[in-house]
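One letter stands for each residue in the lines below.
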Amino acid sequence: MFAFLRRQSPQKLDQFHALLRDRSVRWYNACLRITRDSELAEDAVQDALLKAWAQRAEFRGEAELDTWIHRIALNAAIDLMRRRAPLLYDDVDADLQMAAASISPETQYANRALGQDIVIAMGKLTEMERQCFLLKHLEGWRLEEIAASLGGNTNNIKQALFRAVRKLRVDMNEWNELNERRGET
Amino acid sequence: MISDDDLLLYQYNDGLDAADRERIRNALAAQPELRVRMQRLMATLDQSKNLPETVVPERVRLRWQSSLEVAANASIKTQMQPRFRHLSWRYGVAAFGVAALTVSVALSVYFPRTVMPPPAPSFTNTIETNLAAHQQQASGYERRLRWHLLETEQQLDVIVEASREMRAELIEKVILENQRYASAADRANEPQLARVLRSFAPTLVTLNDERIAKSEFDGALAQLKFELKVVQARLSKVTTAAITNTAANVSHA
């Protein structure tokens, strides 16, 4: 069956599979940060892939397709979050796996500790604050785009973003100071 | 006085009007300590880019690949068929079914509002009426889902004996139907059910793979049948519990 498929549309399907192989970690992690629920993140990426496949004729290159899937997956994640009843997230991130890195054990340890602290700091934000911050700071969305996706107006989004930043600064300043001291020595 | 919020928006190049941007730009040019403040702010926030990255589980990647393969296969088949082939007897039957369903839904919505209110029911009649009402309510999405699960089960029995082409056709039909029910479950705020239905897809694709060994085929088939039974049992349990609750509520009233 799959050989038949490849005869019919080899480029597109192969292109999707290649993207899936190379970029799905990024899509999945972006969705996971938004949802903090692995199952919702899985569903969001799947929805995005199927939507992208349905509209595959509109994409001219892999970069465009990647960007589009990434964005649709995030929107799907937000949508799935909205439809789901609120959950408590106390232990959700306990099993977050760190990617293997070819760096020194000390740096690896420090990064792991930093990563865990960020996860904890993010956990202190409300859902709205966390999503606003992630979409703005990590994903680079415009305030209008965030407002359109999360609902509300840009002023609400700004306020949620400012609250998130104030909370994160309290928790992350320590690391910043540590980095600055490292930089000086 | 320029706040950190302003500095943040300036850095993002978003959410400030031209006059404010100009004011902050001039202030940054004139005040080195403001530049340091902004750098510190962004450095602190950029720590968030060190969020740990989670590895995508292999089963999840396989699930995504399977759904893509299914979608690709379905779209190719659709492209290859001449338009009028959609009007085959199967589509006719399906269209008739949809029309009949639409009419019955329309009647059930319209008539309860327009008929005269019935006389006050007796106690026993109340229980029966409430049970019937619940069953009717449950009979919408749940009944169709039960039917789909039952039909899937029967088709799984058929595919064992079916030719390769027929097997592929049946499995693809089940997968597409499954996707529709999963989307409906999403809309009905039943995310767990949606996930269970979506999780059938990789097993179904495995069953459609002509390269797998018979033992693997049998194993996948048995697994799928078991999962179908579990979902059916859960559905029955939920409905029975709801009917029991309805009866209990009525008898307490």
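What counts, and at which threshold
Residues numbered from 1 in each chain as written. Chains lettered and ligands numbered in written order. Predicted model: local features only at pLDDT ≥ 70, side-chain atom pairs only at ≥ 80, totals over all residues. Heavy atoms only, no water. Contact = heavy atoms within 4.5 Å. Buried area = accessible area lost by both parts, 1.4 Å probe. Salt bridge = Lys/Arg side-chain N within 4 Å of Asp/Glu carboxyl O. Polar contact = N/O pair within 3.5 Å; in protein donor to acceptor, adjacent residues only side chain to side chain. Helix = DSSP H or I, 4+ residues; strand = E, 2+ residues; numbered from the N terminus. Nonpolar A, V, L, I, M, F, W, Y, C, P; charged D, E, K, R; others polar. Buried < 20%, exposed > 50% of the residue type's maximum accessible area, 1.4 Å probe, protein only. Axes fitted to C-alpha atoms, helices over the stretch in contact; angles between N-to-C directions. Parallel < 35°, antiparallel > 145°, perpendicular 65-115°, else oblique. Phe/Tyr/Trp six-rings, centres within 6.5 Å; stacked < 30°, edge-to-face > 60°. Core = buried A, V, L, I, M, F, W, Y, C linked by side-chain atoms within 4.5 Å.

A. Examining the interface of chain B and chain A more closely. In this complex, chain B contributes 53 residues to the contact, which on the side of chain A involves 63 residues. Each partner contributes to the roughly 5600 Å² buried at the junction of chain B and chain A, and carbon and sulfur atoms together form 58% of this total. Among the residues of chain B in contact with chain A, Leu51(B), Trp64(B) and Leu68(B) are the three that bury the most area, contributing 13% of the side total. The interface formed by chain B and chain A holds seven salt bridges in total. With a shortest N-O distance of 3.3 Å, Asp5(B) and Arg166(A) are connected by a salt bridge. The interface formed by chain B and chain A holds 19 residue pairs in polar contact (both at pLDDT 80 or more) in total. Every element with two or more residues in the side of chain B that touches chain A is listed here: α1 (4–12), α3 (32–46), α4 (58–80), α8 (164–187) and α9 (191–208) of chain B. Broken down by element, the residue count for the side of chain B that touches chain A peaks at 16 residues, all from α4(B). Looking at side-chain class alone, the side of chain B that touches chain A contains 20 nonpolar, 15 polar and 18 charged residues.

B. Structural view of unusual backbone geometry. Of note in this structure, Arg36(A) is not a glycine but carries a positive phi near 55 degrees. Of note, Arg36(A) is situated in the loop between α2 (10–35) and α3 (38–54). Not every positive phi belongs to a glycine, and Asn13(B) is a case in point at roughly 55 degrees. Note on placement: Asn13(B) falls in the loop between α1 and α2 (18–30). A relative accessible area of 43% means that Asn13(B) is categorised as partly exposed.

C. How the structure looks around the packing of helix α4 (residues 62–83) of chain A against helix α6 (residues 127–138) of chain A. Residues and elements named next belong to chain A. Two elements in contact, α4 and α6, have axes whose closest approach is 13 Å; the angle formed by their N-to-C orientations is 180 degrees. By the angle class used here, α4 and α6 are roughly antiparallel. For the pair α4 and α6, contact is made by Leu-74, Ile-78 and Met-81 and by Glu-127, Arg-130, Gln-131 and Leu-135, respectively. Within the contact of α4 with α6, the residues separate by chemical class into four nonpolar, one polar and two charged.

D. Geometry of the packing of aromatic side chains. Residues and elements named next belong to chain A. Within the structure shown, the criterion is met by three aromatic pairs over all chains. Geometrically, the ring pair formed by Phe-16 and Trp-53 is edge-to-face, given 5.1 Å between the ring centres and 80 degrees between the ring planes. Of the two residues, Phe-16 is situated in helix α2 and Trp-53 in helix α3; the sequence distance between them amounts to 37 residues. Relative accessible area serves as the criterion here: at 1%, Phe-16 is assigned to the buried category.

E. Layout of the nonpolar core. Counting 73 residues, the largest nonpolar core has Leu49(A), Phe133(A) and Leu8(B) as the members making the most contacts within it. For Leu49(A), the residues in contact, after removing those within four places along its chain, are Phe16(A), Leu20(A), Trp27(A), Ile69(A), Trp64(B) and Leu68(B). Formed by 27 residues, the second largest nonpolar core is a distinct cluster that contains Leu170(B), Ala182(B), Leu193(B) and Ala220(B).

Just distances and angles here, no functional claims.
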